Amino acid sequence: MSFPATLPISDEVLEIAQRLDAAGHEVWCVGGWIRDALLSEGGEAAGLTPSDVDFATSATPDQVQALFRRTVAVGVKHGTVGVLDRRRALHEITTFRRDVTTDGRHAVVAFGVSLEDDLARRDFTINAIAYHPLRHEWRDPFGGAADLAGRMIRAVGDASQRFREDYLRILRALRFAARFGFEIDPATWAAARAAAPGLAGLSAERVRDEWFKGLRTARSVGRLVGLWLDVGAAAEWLPRLSAPQTTAEVDRMPRDPVLLTAVLLPDASGVLRRLRASNIEIGRAEAMMRGPGAPEPPSAEGIRRWRSRVGDAADDLIALWRLRHGVDPDWAREVAASRARRDPVTRAELALNGDDLAALGVARGPLLGEMLDRLLDRVLADPRLNTKDQLTALVRTLR
Ligand code: ATP
Ligand code: MG
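Let me sum up the structure you'll find in this document. (Residues numbered from 1 in each chain as written. Chains lettered and ligands numbered in written order. Predicted model: local features only at pLDDT ≥ 70, side-chain atom pairs only at ≥ 80, totals over all residues. Heavy atoms only, no water.)

Our next topic: the packing of helix 17 (residues 314-325) against helix 18 (residues 331-340). Helix 18 packs onto helix 17 with a crossing angle of 165° between their chain directions and a minimal axis gap of 11 Å. By the angle between their axes, helix 17 is roughly antiparallel relative to helix 18. With respect to the hand of their crossing, helix 17 and helix 18 are arranged in left-handed fashion. Contact with helix 17, carried on its side by A314, D315, I318 and W321, involves W331, A332, V335 and R339 of helix 18 and no other residues of that element. A breakdown of the residues in the contact of helix 17 with helix 18 according to their chemical character gives six nonpolar, no polar and two charged. (Axes fitted to C-alpha atoms, helices over the stretch in contact; angles between N-to-C directions. Helix = DSSP H or I, 4+ residues; strand = E, 2+ residues; numbered from the N terminus. Parallel < 35°, antiparallel > 145°, perpendicular 65-115°, else oblique. Left-handed = near helix turned anticlockwise from the far one by under 90°. Contact = heavy atoms within 4.5 Å. Nonpolar A, V, L, I, M, F, W, Y, C, P; charged D, E, K, R; others polar.)

Next comes the structure, spelled out in structure tokens:
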């Protein structure tokens, strides 16, 4: 792969580079944006979302903060300052740095090093290419362009050492391989497998972010899953992960990490809890596992009762059904129709509320809740009953 003469950089981004350059600092575009731009030059833009441009600079974080009016302290300790351009898009500007000590989880970094040193601490050759936005020069000391052309994920430097410095790089290798459909260089792959037990020491949040990003961006979810299994990452973090039998169908599913985790893992909610996913995400997985997976019978009333029981999980359960059967369920249309009609399926949608019941003389407390449930049961059988008058009359007969 040869380098294009220039890359199309927006005026906003150019302004940031010019200001740093005018103040006497070196400034280069680096990282994922350069990689993706080169891939799209080769006609592979499809499906890739353009990320914001990352800069590497000789300016210290203090100097960057002094030069720009609107900054965000993204990770100043590690040298990263966010700068908002005039359209309020955020760009990360990171001071050239090298790792001083690493323990597989965190690094202590030192500033005051060269661009070459900075590129040497990056994870993969395809992520270690730099482009000068004003002089249109390229720096590619590790052969990243050749690996882009050869569709290869290869560690910068000694792969074993690089994975020991930060075990997350193993998961990043899997993610990039699955996202671009690249192979992993044999030496890098062997080092990744050997280092996999070190993944156990990573923070759950970092692992979760990688797993979720991987699911969102993989060209083939099946490939990503295969890589997690083969490298030994699943054994550490995703117990009982299994390769999907219907790879093509899984790839047609929405790239929703919680939904896909529920498809791929029998104990999805337990895994998500261990990965410190949010309570909402864990709850979604629990609701999917709880089901029921389909209305029984799939009559209009059966569908109202099913909606009432599964609540917000209805769409997830329809997606699971579609995956297992390869087609949309017939009853999905009736679910949509029931929603469009605003069929009442929760207590909150009843024409009478707790206060109304209390005013009718129902004692506050568990009895009142029971009464609401009994009214809902009747309304699920016949939604036309859901008027204030009819429910009031019902309360009188049910008491
Ligand atoms: P994405 O499209 O996912 O954002 P990216 O390559 O931009 O991909 P980032 O996590 O945004 O990934 O990181 C930006 C750059 O920082 C990477 O391209 C790489 O050069 C470097 N980098 C990020 N994480 C690591 C790491 N754990 N070890 C070494 N270098 C890293
Ligand atoms: Mg990025």
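A few words on a nonpolar patch on the surface. Side chains of V72, V74 and L90 sit close together on the surface and give an oily, nonpolar patch of about 190 Å² of accessible area. Position of V74 relative to the elements: it lies in strand 3 (residues 71-75). (Patch = residues over 30% accessible without salt bridge, like charges linked within 9 Å, V, L, I, M, F, W, Y side chains within 5 Å. Areas by Shrake-Rupley, 256 points an atom, 1.4 Å probe, with all protein chains shown as cover. Salt bridge = Lys/Arg side-chain N within 4 Å of Asp/Glu carboxyl O.)

Quick look at the packing of aromatic side chains now. For the structure shown, the criterion picks out eight aromatic pairs. Among the aromatic residues, ring-to-ring pairing joins F124, F176, F180 and F182 into one connected group. Note that R175 overlies the ring of F176, its terminal NZ or CZ placed 4.8 Å from the centroid. Geometry around W237 places R274 over its ring, the cationic atom sitting 4.4 Å from the centre. (Phe/Tyr/Trp six-rings, centres within 6.5 Å; stacked < 30°, edge-to-face > 60°. Lys NZ or Arg CZ within 6 Å of the ring centre and 35° of its normal.)

Moving on to unusual backbone geometry. Note the cis peptide between G291 and P292, where omega equals 0°. Within the element layout of this structure, P292 appears in the loop between helix 15 (279-290) and helix 16 (300-310). In this structure, R151 takes a positive phi of about 55° despite not being glycine. One can find R151 in the loop between helix 5 (144-149) and strand 10 (152-153).

Another aspect to go through is the layout of surface pockets. Quantified by volume, the second largest pocket comes out at close to 330 Å³. Along its surface, the second largest pocket is lined by 16 residues, and A262, V263, L264, L323 and R324 are the ones closest to its centre. Within the residue set of the lining of the second largest pocket, elements represented by two or more residues are helix 13 (257-264), helix 15 and helix 17. The residue inventory of the lining of the second largest pocket, partitioned by class, reads 12 nonpolar, three polar and one charged. (1 Å grid on protein atoms, 1.4 Å probe; cavity = no way out; pocket = protein on both sides within 12 Å on 5 of 7 lines; lining within 4 Å. Points joined across faces, edges and corners; volume = space filled by probe spheres on them.)

Further remarks concern the pattern of salt bridges. Under the counting rule described, the total for this entry stands at 35 salt bridges. Between R87 and E12 there is a salt bridge, and its shortest N-O distance comes to 3.0 Å. Linking R87 in the loop between strand 4 (80-84) and strand 5 (90-95) with E12 in helix 1 (residues 11-22), this pair joins segments that are 75 residues apart in sequence. The class of R87 is exposed, set by a relative accessible area of 64%. One network of salt bridges, with partners in common, ties together D99, R121, R162, E165 and R169. (Buried < 20%, exposed > 50% of the residue type's maximum accessible area, 1.4 Å probe, protein only.)

Burial within strand 4 is extensive, with four of its five residues counted as buried. Between strand 3 and strand 4, which pair antiparallel in sequence order, lie four residues; one of them, G79, sits at a positive phi of approximately 95°. Across five bridges, strand 4 lies against strand 5 in antiparallel orientation. Bridged to G82 within strand 5 is E92. (Pairing = 2+ DSSP bridges.)

What follows covers the site of ligand 1. Taken together, 14 residues lie near ligand 1, and R35, N127, D166, R169 and R175 sit nearest. Within the backbone of G32, one N or O atom sits 3.3 Å away from an oxygen atom of ligand 1. Contact between ligand 1 and D123: a nitrogen atom at 3.2 Å from a main-chain N or O atom of the residue. Surface burial for ligand 1 is 79%, taken as the share of its 580 Å² of free accessible area covered by protein chains. (Near = heavy atom within 4 Å. Polar contact = N/O pair within 3.5 Å; in protein donor to acceptor, adjacent residues only side chain to side chain.)

The topology assignment puts M1 in the segment before helix 1. Taking relative accessible area as the criterion, M1 reaches 40% and is therefore assigned partly exposed. Separated by 135 residues in sequence, M1 and H136 have C-alpha atoms that sit 17 Å apart.

Of note, E210 is situated in helix 9 (residues 204-217). On the basis of relative accessible area, E210 is assigned to the buried category, the value being 4%. Other than its neighbours up to four places away in sequence, E210 contacts L168, L171, R172 and R175.

With that settled, consider the nonpolar core. Ranked by size, the top nonpolar core spans 97 residues in total, and within it W211, W228 and L238 carry the most contacts. Residue contributions to this core peak at nine residues, all from helix 7 (residues 168-180). What W211 contacts, discounting residues up to four positions off in sequence, is L224, V225, W228, L238, L241, T261, L264 and L275. Listed in part, the 17 residues of the second largest apolar core include V362, L372, L380 and L391. (Core = buried A, V, L, I, M, F, W, Y, C linked by side-chain atoms within 4.5 Å.)

Purely geometric stuff here, so don't read any function into it on its own.
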